[in-house]
Amino acid sequence: MRSSLGAVCALAVLATALSAGCQNAPGGVDENGRPAGQRTVTVSPSPIRTSGYGAVFLGIDECSSFGRTSFTEVSCTGERAAARVVARHDGTVRDGPRCPATTDFVLHISEQRPASDEDGDGAVPRGYACMRNLQPPHPGDPGGGGGPRTIVGDCVRGLDDGQVRETACDGEGEQRPEYRVTEAVDARSRCPASTTLYVRLGGSSPVGCAVPV
């Protein structure tokens, strides 16, 4: 069975975290449930027709093409392949499982339920795909300065509203880093004495212990 029509929109690689933004003050999410203090780029969905690479549109281990406004499912061995799906979930990011720690970016997949036709296209449920670039750079790696999650090894800088934003540890990003997350623990009291900033990470170890860089 050929893959279905799908529409996707991308969060920019250096955009907002999936389920755990960085913050050092309470109230770190906006009215849309996204981490506050982090710029989100949302691209309008556009219809795409896939080429039969899997029964599920952008299923695990399938690949997407390059693109800024739309992404097409392509063969992972082809020259158009840019990123691989490392996890795929139905529903919304807010309500679903977190992407793997080193995810580079997330594709939000719009629901499509076209009528049956001679092409055999079917339904694509609303969901999201956690993507990993096939080639460097990998902003989701520790210190990479991006990705949907903040993890141990990442660096952040302070914002005027009391929030913090992830930035590359090597200083090659738009803003120089101020703190590095050295540990992830379940409570602030478990951070080492050298900790000068607490970063909200989410998950089973939701507190990031950060020190100046």
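Counting of residues starts from 1 at the beginning of each chain's written sequence and follows it residue by residue. Two thresholds apply to this predicted model, a pLDDT of at least 70 for residue-level local features and 80 or more for giving and counting side-chain atom pairs, whereas whole-chain, interface and lining totals are computed over all residues. Heavy atoms throughout the structure, all of them, feed into the side-chain values; hydrogens and water do not.

Asks: Help me understand the side chain of Ser64, please; the structure alone is not making it clear to me.
Replies: Every helix listed is a DSSP run of H or I at least four residues long, and every strand listed is a run of E at least two residues long, numbered separately from the N terminus. When you line up the elements, Ser64 lands in strand 3 (residues 63-65). In what follows, residue pairs with any heavy atoms lying within 4.5 Å of each other are defined as contacts. Contact partners of Ser64, with chain neighbours within four places excluded, come to Leu58, Phe71, Thr72, Val74, Arg80, Ala81, Ala82, Ala83, Leu107 and Met131.

Asks: How should the state of the cysteines be read in this particular structure?
Replies: As used in these notes, a disulfide is a covalent bond between sulfur atoms, one from each of two cysteines. Note on terminology: pairs of cysteine sulfur atoms within 2.5 Å are recorded as disulfides. Scanning all chains against the criterion turns up four disulfides. Covalently, Cys155 is tied to Cys169 through a disulfide, its sulfur atoms 2.0 Å apart. Here Cys155 and Cys169 share a disulfide; its torsion about the S-S bond, 105°, makes the bridge right-handed. Of this pair, Cys155 sits in strand 8 (residues 155-158) while Cys169 sits in the loop between strand 9 (164-167) and strand 10 (179-185), and the two are 14 residues apart along the sequence. In this model, Cys191 is linked to Cys209 through a disulfide, with the two sulfur atoms separated by 2.0 Å. Residues Cys191 and Cys209 are joined through a disulfide that is left-handed, its torsion about the S-S bond being -80°. Linking Cys191 in the loop between strand 10 and strand 11 (197-200) with Cys209 in strand 12 (residues 207-212), this pair joins segments that are 18 residues apart in sequence. Categorising residues by exposure relies on relative accessible area from a 1.4 Å probe, with only protein chains included: less than 20% of the type maximum marks a residue as buried, more than 50% marks it as exposed, and the intermediate range marks it as partly exposed. Looking at Cys191, the relative accessible area reads 11%, which means it is buried.

Asks: Help me understand the nonpolar core, please; the structure alone is not making it clear to me.
Replies: Across soluble globular proteins, nonpolar side chains show a tendency to be buried alongside one another. Among buried residues, those of type Ala, Val, Leu, Ile, Met, Phe, Trp, Tyr and Cys that are joined through side-chain atoms within 4.5 Å constitute a nonpolar core. Phe57, Leu58, Phe71, Ala83, Val85, Phe105, Leu107, Ile109, Val124, Ala129 and Met131 form the largest nonpolar core, which has eleven residues in total. When contributions to this core are tallied by element, the ones reaching two or more residues are strand 5 (81-90), strand 6 (105-110) and strand 7 (127-133). Among the elements that make up this core, the one with the highest residue count is strand 6 (three residues). Among the nonpolar cores identified, the runner-up in size contains seven residues, and Val156, Val164, Val181 and Leu197 belong to it.

Asks: Just to check I follow, could you spell out the confidence of the model for the protein chain for this structure?
Replies: A low pLDDT score tells you not to read the predicted coordinates there in detail. The share of residues in the protein chain with pLDDT of 70 or more is 69%, and the mean pLDDT across the chain is 76. Taken as a whole, residues 1-52 scores under 50 in pLDDT and shows 160 contacts with residues more than four places along the chain or in a different chain. How sure the predictor is of each residue is captured by pLDDT, a score from 0 to 100.

Asks: Is there a simple way to explain the sheet that holds strand 9 in this structure?
Replies: Backbone hydrogen bonds hold the strands of a sheet together, and the pairing may be parallel or antiparallel. Pairing between two strands requires that DSSP report at least two bridges joining them. Taken together, five strands build an open sheet; the order of strands is 9-8-10-12-11 and the sheet is antiparallel. Two strands lie at the open edges of the sheet, namely strand 9 and strand 11, each paired on one side alone. On average, adjacent strands in this sheet sit at an angle of 45° to one another, irrespective of strand direction. As judged from the four bridges shared by strand 11 and strand 12, these two strands associate in the antiparallel manner. In the sheet register, Arg200 faces strand 12, and the bridge partner there is Val207. Between the N-to-C directions of two axes lies an angle of 0 to 180 degrees, each axis being a line fitted to C-alpha atoms and, for a helix, fitted only over the stretch in contact.

Asks: Please clarify how the pattern of salt bridges should be interpreted in this entry.
Replies: Pairing of side chains with opposite charge becomes possible as their charged atoms draw close. Salt bridge criterion: a side-chain nitrogen from Lys or Arg within 4 Å of a carboxyl oxygen from Asp or Glu. If you walk through the whole model with that rule in mind, you get four salt bridges. With its nearest N and O atoms 3.4 Å apart, the salt bridge here joins Arg88 to Asp90. By relative accessible area, which is 52% here, Asp90 ends up exposed. Taken together, the shared-partner salt bridges connect Asp104, Arg132 and Asp141 into one network.

Asks: It is not clear to me how the pairing of strand 9 should be interpreted in this structure. Could you clarify?
Replies: Remember that side chains alternate between the two faces of the sheet whenever the strand is regular. As paired elements, strand 8 and strand 9 share four bridges and run antiparallel to each other. Each residue of the ladder has a partner; that of Val156, found in strand 9, is Glu166. Counted between consecutive antiparallel strands, the loop separating strand 8 from strand 9 contains five residues, among which Gly162 sits at a positive phi close to 90°.

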